[in-house]
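Chain by chain, the residues:
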2 protein chains.
Amino acid sequence: MRRLDIALTPAGVSGGLYETAAVVIDVLRATTVIVRALDAGAKRIIPTLDPEDAIRVRERLGRDGVLLGGERNAVRIDGFDLDNSPASYTPESVGGATIAFTTTNGTRALQRVANAGAPRVICAAFANLAAVVDRLAGDERAHILIVCAGTEGAVSLEDTLCAGAIAAELVVRDPGVTLTDGARAAALLYNGVRERLVEAVASGDHAQKLASMGFAADVVAAAQRNVSTAVPVYSDAEIT
Amino acid sequence: MRRLDIALTPAGVSGGLYETAAVVIDVLRATTVIVRALDAGAKRIIPTLDPEDAIRVRERLGRDGVLLGGERNAVRIDGFDLDNSPASYTPESVGGATIAFTTTNGTRALQRVANAGAPRVICAAFANLAAVVDRLAGDERAHILIVCAGTEGAVSLEDTLCAGAIAAELVVRDPGVTLTDGARAAALLYNGVRERLVEAVASGDHAQKLASMGFAADVVAAAQRNVSTAVPVYSDAEIT
């Protein structure tokens, strides 16, 4: 019997994930951007905790073909090439590039889960929902842990919804998967709003903040399901 | 602007609750039992962490009019008068009595929240949902924290649903209350299943365990809303 659990914030992640299929979600916007960037032809994404670390990555690899992307306080970092809007990641802007990438919540969640022992971490968003469910259904490992990046330590609605979407769809695909109560609650939550997902995502704190800053289109884009078949995996300090 | 947050397990409670309206929920079954016991005419309930502490309470107060209630592994504790089934708490069994009461999750959550500085902790369940919402709507304090007892450290579906029910109904009653994303998620969850609440509660891990042990009627009873107007409050080490 495979068991699926959800950590609503990374604070709940405490190590020992060596044999666990680990997934990280940051719908607004890091994992949505990561999916988009790979679809747009980026070669790889190297997540870093700080802007300074991203700059060091570029110094180490050489400027050719290395872009800096991400945000602080939701906007582009001074001197960076790309912000954290999915729309900025196009074949023209990122095709063939390595992207050193840092965001407030998503890249930290990825590193925390990797540090907790997960050798490979799947990056999930609504954009690649079905592809992630496919990948998990084909995974042999006994335990699945979906970690929501949340927003500055707090539970975020959109990440909880996306975790619930994966749980709800995976139990249909693979009845051998057992949900913990936390996963069951998230799946019920998603099923209750699946027909009005954009509205539900837009009601969250972070979505409201982004909308007030002019990023309402990013919120709508991030709530679109199955626009990609990419399954980005973070392993050995890079996402491919 | 009043802010309502939910802690899905007591582990998220870290102190500083001196000015916070605090609520503890353990639908299966401690807070449901507490509501029932007061309705049945119990004089007061003294929650204790361990069975030994409950026995000490009785020794201190004298045997007259003091009953021992609660559970370990869901069943009555050896030598105790009452188990943790709401149905056991009747006017005949508990009228006028002081009950020293210990359960695996609920009484620990109450003590943890009290130790975190909350001078008065409301005990909530589906049984007294509307009464708790009334009380919170009339409370002047700026912050409300609903703490779910959970089940042995894990998130529990039924407590999350009940916290969501309070959040969903309180924002209708008092539009000045702002939900955090965690509270918003729980409210959406509850609204999605409010018309089939018994089924939703029964699908949880703890409900399934209780049903397998012969306590299915307790699960159905605990999912009944507004059967009581009692608002038990834990203060100065006792609930009245």
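Keep in mind it's a predicted model, so treat the numbers as computed, not measured. (Residues numbered from 1 in each chain as written. Chains lettered and ligands numbered in written order. Predicted model: local features only at pLDDT ≥ 70, side-chain atom pairs only at ≥ 80, totals over all residues.)

A. Molecular detail of the overall build of chain A. A tally of regular secondary structure across chain A gives 10 helices and 10 strands. Expressed along its principal axes, the backbone C-alpha trace of chain A runs to roughly 50 × 40 × 30 Å. By the burial criterion, 55% of the 240 residues in chain A qualify as buried. A separation of at least 24 residues holds for 81% of the contacts in chain A among residues at least 6 apart in sequence. (Helix = DSSP H or I, 4+ residues; strand = E, 2+ residues; numbered from the N terminus. Buried ≥ 20, exposed ≤ 12 C-beta atoms within 10 Å, placed from the backbone. Contact = placed C-beta atoms within 7 Å.)

B. Seen up close, the environment of A:Gly79. Of note, A:Gly79 is situated in the loop between strand 4 (66-70) and helix 3 (91-94). Once the C-alpha coordinates of A:Gly79 and A:Ile55 are considered, the two residues, 24 residues apart in sequence, prove to be 9.4 Å apart.

C. Focus on the interface of chain A and chain B. Each partner contributes residues to the interface: chain A has 20 residues there, and chain B has 20 residues. Of all elements in the fold, only helix 6 (157-173) and helix 7 (181-193) of chain A reach the threshold of two or more residues within the side of chain A that touches chain B. A total of 9 residues in the side of chain A that touches chain B trace back to one element, the largest contributor, which is helix 7 of chain A. Considered class by class, the residues forming the side of chain A that touches chain B number 9 nonpolar, 8 polar and 3 charged. (Nonpolar A, V, L, I, M, F, W, Y, C, P; charged D, E, K, R; others polar.)

D. Seen up close, unusual backbone geometry. With omega at 5°, the peptide bond leading from A:Leu28 into A:Arg29 counts as cis. Topologically, A:Arg29 is positioned in the loop between strand 2 (20-25) and helix 1 (30-39). Notably, B:Ala74 is not glycine yet its phi reads approximately 75°, a positive angle. Locating B:Ala74 in the fold gives a position in the loop between strand 4 (66-70) and helix 3 (91-94). Residue B:Asp236 is not a glycine yet carries a positive backbone phi of 50°. When you line up the elements, B:Asp236 lands in the loop between strand 9 (233-235) and strand 10 (238-239).

E. Spotlight on the relation of the copies chain A and chain B. Expressed as a screw transformation, the operator carrying chain A onto chain B has a rotation angle of 180° and an axial translation of 0.0 Å, and the superposed copies differ by an RMSD of 0.0 Å. The two molecules are tied by a two-fold rotation axis, judged by turn and shift. (Least-squares fit on C-alpha atoms with pLDDT ≥ 70 in both.)

F. Spotlight on the packing of helix 7 of chain A against helix 7 (residues 181-193) of chain B. At a minimum axis separation of 8 Å, helix 7 of chain A and helix 7 of chain B run at an interaxial angle of 65°. The angle between helix 7 of chain A and helix 7 of chain B places the two elements in the roughly perpendicular class. The element helix 7 of chain A and its partner helix 7 of chain B pack so that their crossing is left-handed. Where helix 7 of chain A abuts helix 7 of chain B, its residues A:Ala185, A:Leu188, A:Leu189, A:Asn191, A:Gly192 and A:Val193 lie against B:Ala185, B:Leu188, B:Leu189, B:Asn191, B:Gly192 and B:Val193. (Axes fitted to C-alpha atoms, helices over the stretch in contact; angles between N-to-C directions. Parallel < 35°, antiparallel > 145°, perpendicular 65-115°, else oblique. Left-handed = near helix turned anticlockwise from the far one by under 90°.)

G. Spotlight on the confidence of the model for chain A. Averaged over all residues, the pLDDT of chain A equals 96, while 100% of them reach at least 70. Under the prediction, the complex receives an ipTM of 0.90, its pTM being 0.94. (pLDDT = per-residue confidence, 0-100.)

H. Region of the structure containing the pairing of strand 6 (residues 121-124) of chain A. Residue and element names in this part refer to chain A. Residues Val121 and Cys123 of strand 6 are buried on one face, and the alternating residues Ile122 and Ala124, pointing to the opposite face, are buried as well. Here 2 bridges tie strand 6 to strand 9 (residues 233-235), and the two strands are oriented antiparallel to one another. Across the sheet, residue Val121 finds its bridge partner in strand 9, namely Tyr234. (Pairing = 2+ DSSP bridges.)

I. Representation of the nonpolar core in the model. The biggest cluster of nonpolar side chains holds 175 residues, and the ones touching the most others in it are A:Ile166, B:Val113 and B:Ile166. Beyond its immediate stretch of four places on either side in the chain, B:Val113 contacts B:Val13, B:Leu17, B:Ala22, B:Val24, B:Ala118, B:Val121 and B:Val147. (Core = buried A, V, L, I, M, F, W, Y, C linked by C-beta atoms within 7 Å.)

J. Focus on the pairing of strand 4 of chain B. All names here are of chain B. Within strand 4, 4 of the 5 residues are buried, which leaves the element mostly enclosed by the surrounding structure. The pairing of strand 4 with strand 5 (residues 98-102) spans 5 bridges and is parallel. Bridge pairing links Leu67 to Ile99 in strand 5.

K. The arrangement of helix 1 (residues 30-39) of chain B in detail. All names here are of chain B. With 10 of 10 residues buried, helix 1 lies mostly within the body of the structure. Taken residue by residue, helix 1 has Ala30, Thr31, Thr32, Val33, Ile34, Val35, Arg36, Ala37, Leu38 and Asp39 as its buried positions. With its phi angle positive at about 100°, Gly41 sits one or two positions after the end of helix 1.

L. A look at the packing of helix 6 (residues 157-173) of chain B against helix 7 of chain B. Residues and elements named next belong to chain B. In the contact formed by helix 6 and helix 7, the axes pass within 7 Å of each other and the chain directions differ by 95°. For the element pair helix 6 / helix 7, the angle class is roughly perpendicular. Each of Thr160, Leu161, Ala163, Gly164, Ala165, Ala167 and Ala168 in helix 6 lies in contact with helix 7, whose residues at this interface are Ala183, Ala186, Ala187, Leu189, Tyr190 and Asn191. Residues of the contact of helix 6 with helix 7, tallied by class, amount to 10 nonpolar, 3 polar and no charged.

M. Broad picture of the environment of B:Val121. All names here are of chain B. Among the structural elements, Val121 can be located in strand 6 (residues 121-124). Remark: the alpha-carbon pair of Val121 and Val132, spanning 11 residues in sequence, is separated by 11 Å. With residues near it in sequence (within four places) discarded, Val121 still touches Ala22, Val24, Leu110, Val113, Ala114, Val233 and Tyr234.

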